Amino acid sequence: MKIKITLLACLMGISSIANSGQATGHIAAIMTGPQPDYDGRIFIKMKNPPQRDPDTCHNNNHYDFVFDASTEGGKVSLSVLLSANAAGKSVSIGGSNTCSIYNGIESVDWIFIPN
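Residues numbered from 1 in each chain as written. Predicted model: local features only at pLDDT ≥ 70, side-chain atom pairs only at ≥ 80, totals over all residues. Heavy atoms only, no water.

**Quick look at the pattern of salt bridges**
Logical step 1: This model, assessed by the stated rule, comprises three salt bridges.
Logical step 2: For Asp64, the salt bridge identified is with Lys45, shortest N-O distance 3.9 Å. Separated by 19 residues along the polypeptide, Asp64 in the loop between β3 (41-46) and β4 (65-68) and Lys45 in strand β3 bring together distant segments of the chain.
Logical step 3: Judged by its relative accessible area of 24%, Lys45 is partly exposed.
Logical step 4: Note that Lys75 and Glu72 form a salt bridge whose closest N and O atoms lie 3.4 Å from each other. Pair noted here: Lys75 and Glu72 are both in helix α2 (residues 72-86), with a separation of three residues, about one helical turn.
Logical step 5: Owing to a relative accessible area of 43%, Lys75 belongs among the partly exposed residues under this scheme. (Salt bridge = Lys/Arg side-chain N within 4 Å of Asp/Glu carboxyl O. Helix = DSSP H or I, 4+ residues; strand = E, 2+ residues; numbered from the N terminus. Buried < 20%, exposed > 50% of the residue type's maximum accessible area, 1.4 Å probe, protein only.)

Structural data, given as structure tokens:
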């Protein structure tokens, strides 16, 4: 029974990864603001739209990803994004297959800056 539960958990994790958005390229826009809707949230628009499963929660045409910059991890993510953007570097962003930070925009799971 324990093996079946472990296998099911692994398959659910693979399914979640398969549906999440992923984009590599340059950032087209980074947006935030003091309004209550934006409070500490960073919205990212990529020049190349992410590839994602149509069944994902994402349904926003203006921004591709969002994360919360009021957390310690979010502050690091914002610093990495701004540095890469200022240097004109390409970034890879992976989504979490959830829209838990802002309704209709996929939450960031990871950010990678290739050399």
